[in-house]
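# Notes for the structure review
If you want the building blocks of each chain, they are given just below.
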Amino acid sequence: MKIFIFFCITLTYVFFGNVVSNASPLSYEAIFNFGDSISDTGNADKTHPPFPSNNPFGSTYFKHPAGPEAYGFPFLLAYLNLTKDQDIKKGVNFAFAGATALDFEYFIRNGVDKPATDKSLSLQLGWFKKIKPSICKSKEGEIGGNDIIVHLLYKNVTGLRELVPSMVEAITNAIIILIKEGAVELAVPGNFPIGCISGVLTMVNSTQKDDYDQFGCLIGYNTFIEYYNGQLKQAIETLRPKNPKVKIRYFDYYNDAKRMFQTPQQYGFTSNKNDIIKACCGASGTYNVDVHISCGSPTTTVCPDPLKLINWDGVHFTEAAYKQIAKGLAEGPFVNPSLKSPPFKID
C-alpha cells in the first residue's frame, strides 16, 4: 500500500476531484495530510460555531454554502469526524484551521497572542500515531503560515526572521518522526508570497511607496518568505542523504503563487492592478479587509466574480487561484524532485 504524506497541501483532494484521468491510474492509494485551514476538510468544524446558511464559502466549488474548511468533503476523511471501525485506508486529514508548526506553549512563553487553536503540528502527529496501527502493516507514506500571521502585530521583518530556526526545526522534527513511523514519500511545501496577501497588506499598512513592488506586494515580507523557504529547503537537503530510501519532495508554493500576481490575466484573473490584490470576500478598506470582521459575517460583501480575483478573504486564496497552484504542482515546474509525468490533468 503506497501512502503519500502531505504537510498542508492545498490540493490534496479538493482539486484532484476536478482531475481528468488518463489510462494510467494514480500511483498513490492513500494520502495523509497535516496542516491548517488551507487543507482542513472538517476538523475545525467540530469546535467552530456554524456559519450562516447563506455564507459565501463553497459558492464556486460546491455551488452551495459550505464552510471555510469545506467540511463534509467526501474524499479525504477529517480525523475528528471518523466513526468507529470506519475504513481509513484511503487516507485521513489531520489539518486543523489555525494550526501552527510551533507548539501552542511557544506563543504563551513568548507573550504573543495565542493562535486560534492548540492543534499544532505535533498534536496532529499524535493523532496519526493513534490510528497508524489500523492503516496497514507495511507503511509508506504548509504548515507555518499561521505562525507568521500571529506575530505580524508584534514583529517587523527582522523580528520575523528570528522565528525561522524554530519553525524549520519543528517541521524537520515532524519529517523525522514520520520517517521513523515508516513513511517513504513526503511532500513538504514552502510558504506563499505573503507580501501579496490582502490581509497582510492590511495589517502592515505601510505608507512608504518604496515598500511595494510593481505588483503592489510588500517587498520585505516576500523577501522574508524567500529566506524562510530557503532555510526549509536547506533542511530538506540535509535530510535526503541521511534517508536515501525516502523521497522528500519540496513544493514551491511561493513561485507557484507569485506568478499569478505578476501576470494575472494570463491565468484568467482581472488585469486591474488595484483590484487583483483585494480580497473578494471582506468588509472595507484599501484591500477590502477588516481584521475584526471575517468573511461570512453579516456585514461582509462578496465580489461579483470570485473567479477573477486571487485573494479570497484576506488569508486564503480563491478556488480559482488554488486551481492554478494545483496545476503548477501537478503539471508544472514547482515540485522538486518533480512528480512523474502526471497521469491526469486539471481542467
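Here, every reference points to the structure presented above.
Residues numbered from 1 in each chain as written. Predicted model: local features only at pLDDT ≥ 70, side-chain atom pairs only at ≥ 80, totals over all residues. Heavy atoms only, no water.

### Regarding the overall build of the protein
- Of the regular secondary structure elements, the protein holds nine helices and eleven strands.
- Here the protein holds 347 residues, and 53% of them are scored as buried. (Helix = DSSP H or I, 4+ residues; strand = E, 2+ residues; numbered from the N terminus. Buried < 20%, exposed > 50% of the residue type's maximum accessible area, 1.4 Å probe, protein only.)

### Quick notes on the pattern of salt bridges
- What the rule picks out here adds up to six salt bridges.
- For Glu185, the salt bridge is made with Arg249, and the minimal N-O distance between the two is 3.0 Å. Of the two residues, Glu185 is situated in strand E6 (residues 185-189) and Arg249 in strand E7 (residues 247-251); the sequence distance between them amounts to 64 residues. Per residue, the accessibility class of Glu185 equals that of Arg249, and both read buried. (Salt bridge = Lys/Arg side-chain N within 4 Å of Asp/Glu carboxyl O.)

### Considerations on helix H7 (residues 219-242)
- Between its first and last C-alpha atoms H7 spans 36 Å; for 24 residues at 1.5 Å apiece the expected length is 34 Å, and the two agree.
- Along H7, the residues that are buried comprise Tyr221, Asn222, Phe224, Ile225, Tyr228, Asn229, Leu232, Ala235, Ile236, Leu239 and Arg240. (Expected span 1.5 Å × (residues − 1).)

### Regarding the nonpolar core
- By size, the foremost hydrophobic cluster in this structure holds 77 residues, and its most contacted members are Phe94, Phe192, Ile248 and Phe317.
- Counting residues in hydrophobic clusters, the runner-up holds six residues, among them Cys281, Cys295, Cys303 and Leu309. (Core = buried A, V, L, I, M, F, W, Y, C linked by side-chain atoms within 4.5 Å.)

### What about the pairing of E6?
- Judged by how many residues are buried, E6 sits mostly within the fold: five of five residues are covered.
- Neither face of E6 is exposed, since Glu185, Ala187 and Pro189 on one face and Leu186 and Val188 on the opposite face are all buried.
- For E6 and E7, the ladder comprises five bridges, and the chain directions are parallel. Bridge pairing in E7 links Pro189 to Phe251. (Pairing = 2+ DSSP bridges.)

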